[in-house]
Amino acid sequence: RAKEMGKNRCVRFDASMNQAVVRRQAIEHALRAALQQGEGLALHYQPLFAASDRTLVGAEALLRWSHAELGNVSPLEAVMVAEDCGLIVPLGYWVMRTACRDAAQWQAGGPLRVSVNISARQLGDPQFLERVMDILREEGLPAHLLEIELTETVLMDNMEAGAHTLHRLSQLGIHLAIDDFGTGYSSLAYLRQLPMRRLKIDRSFVKDLPGQEHSRTIVTAIVALAHGLGLQITAEGVETPEQADYLVRQGCDVLQGYLFARPMPVGEFQAQLQEGTARRGV
Ligand code: C2E
Ligand code: MG
Ligand code: MG
Ligand code: MG
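So, a few notes on the structure that sits alongside this text. Everything quoted here is computed from the prediction, not taken from an experiment. (Residues numbered from 1 in each chain as written. Chains lettered and ligands numbered in written order. Predicted model: local features only at pLDDT ≥ 70, side-chain atom pairs only at ≥ 80, totals over all residues. Heavy atoms only, no water.)

Quick look at helix H11 (residues 241-250) now. Considered for burial, the residues of H11 that qualify are Gln243, Ala244, Tyr246 and Leu247. All buried residues of H11 project into a common sector of 165° when viewed along the axis, lining one side. Those residues of H11 that are buried are in contact with helix H9 (203-206), helix H10 (213-228), strand E8 (232-235) and strand E9 (254-255). Remark: Gly251 follows H11 within two positions and exhibits a positive phi of approximately 100°. (Buried < 20%, exposed > 50% of the residue type's maximum accessible area, 1.4 Å probe, protein only. Helix = DSSP H or I, 4+ residues; strand = E, 2+ residues; numbered from the N terminus. Arc of directions from axis to C-beta. Contact = heavy atoms within 4.5 Å.)

Among the 23 residues in the neighbourhood of ligand 1, the closest are listed as Arg64, Asp179, Arg203, Glu239 and Tyr258. A distance of 2.9 Å separates an oxygen atom of ligand 1 from a polar side-chain atom of Asn117. Within the side chain of Glu236, an N or O atom sits 3.4 Å from an oxygen atom of ligand 1. For ligand 1, the accessible surface in isolation is 800 Å², of which the surrounding protein chains cover 86%. (Near = heavy atom within 4 Å. Polar contact = N/O pair within 3.5 Å; in protein donor to acceptor, adjacent residues only side chain to side chain. Areas by Shrake-Rupley, 256 points an atom, 1.4 Å probe, with all protein chains shown as cover.)

On to the coordination of the magnesium ion (ligand 4). Ideal values for angles at a metal depend on the geometry: 109.5 degrees with four tetrahedral donors, 90 or 180 degrees with six octahedral donors. Binding of the magnesium ion (ligand 4) to the protein goes through Asp180 (OD) and Glu236 (OE), at separations of 2.3 to 2.6 Å. The distance between the magnesium ion (ligand 4) and the magnesium ion (ligand 2) comes to 5.9 Å. With a gap of 56 residues between them, Asp180 in strand E6 (residues 175-181) and Glu236 in the loop between E8 and H11 connect regions that are remote in the sequence. With a relative accessible area of 23%, Asp180 lands in the partly exposed category. Look at Glu236 and you get buried, because its relative accessible area is 10%. (Donors = N, O, S within 2.8 Å, 3.2 Å for Na, K, Ca; no water.)

Within E6, 6 of the 7 residues are buried, leaving the element largely enclosed by the surrounding structure. Pairing between strand E5 (residues 146-151) and E6: 5 bridges, direction parallel. Residue pairing in the sheet places Glu149 in a bridge with Ala177 of E6. Both E6 and strand E7 (residues 198-201) contribute to a ladder of 3 bridges, which runs parallel. Note on E7: the bridge partner recorded for Ala177 is Arg198. Considered for its hand, the β-α-β crossover made up of E6, helix H8 (residues 188-193) and E7 is right-handed. (Pairing = 2+ DSSP bridges. Right-handed = clockwise from strand over helix to strand, strands pointing away.)

For the magnesium ion (ligand 2), the full set of protein donor atoms is Glu60 (OE), Asn117 (OD1), Glu149 (OE) and Asp179 (OD), at a range of 2.0 to 2.2 Å. The sequence pattern formed by the donor residues of the magnesium ion (ligand 2) is E-x56-N-x31-E-x29-D. For the pair the magnesium ion (ligand 2) and the magnesium ion (ligand 3), the metal-to-metal distance amounts to 3.6 Å, and Asp179 bridges them. With Asn117 in strand E4 (residues 113-117) and Glu149 in strand E5, this residue pair connects regions lying 32 residues apart in the sequence. Given the relative accessible area of 27%, Asn117 is considered partly exposed. Overall, the relative accessible area of 1% leaves Glu149 in the buried class.

Nothing here speaks to function; it is geometry throughout.
Have a look at this one:
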């Protein structure tokens, strides 16, 4: 009987493995087509606000993909598959170009920075630096109005080749940020060796503020670490006024979260800019 259960479990395991493989292949196939036809892919933008006076200082570009059969595919899943099959390089350049093109349009009413997420294989692409500089020039966005967000895992995977690229990007004026700080292999060596401008405190540390003592301790320590090194701090995932108050009192520089604004289609973001409801400035 035990043997039979074991066997059943094994069969079920195989079936779910198989399902995962089938889904992966479907996503890969659909993504390839989406990139060729430029269909179904979009960027949404989530506004970023200065903690001190709630001035709009920028927006983070977030990938959205909706497909006829697959429905809405989350950016994390799309990026994971794209990393595995190599499509991340063209997908990443599509994101970079679209974000820079959109951001170039926003500059009429005052400077606003756009933040773009990149993944490991993008940074590993030997052409990365050159391609990004080409995109900025072609789309007419000044380098200092682009911020690139990398996770600790991306840095881990590219320590040697990546460091050179990151120094060059920084010298050319592009801002660099560590995303989801504290959730990866937080090697403090990165902070000393790489030209980072900003740490983004992961949502998981913000979630239980201000009630949970451990979250408070971690946030206080990250802010002190960042400011001690001359880096700015963004808190992501701010959902309540209590969280915002606490983060402001701790000295966070920039706030991002549903409390202020959700990610929105580019047209909506641009309409809000034109209404001029938010004061702005980098
Ligand atoms: P991330 O870079 O840390 O982006 C922030 C995520 O938190 C976004 O999820 C955003 O919608 C969500 N968020 C913002 N404020 C709140 C809040 O107050 N509450 C909650 N619960 N969530 C909030 P999203 O758009 O689903 O993206 C997930 C992740 O996918 C991103 O995390 C990023 O790692 C990755 N990603 C998204 N777009 C791209 C892209 O173009 N390229 C790459 N390589 N990765 C991307
Ligand atoms: Mg990010
Ligand atoms: Mg983040
Ligand atoms: Mg995150």
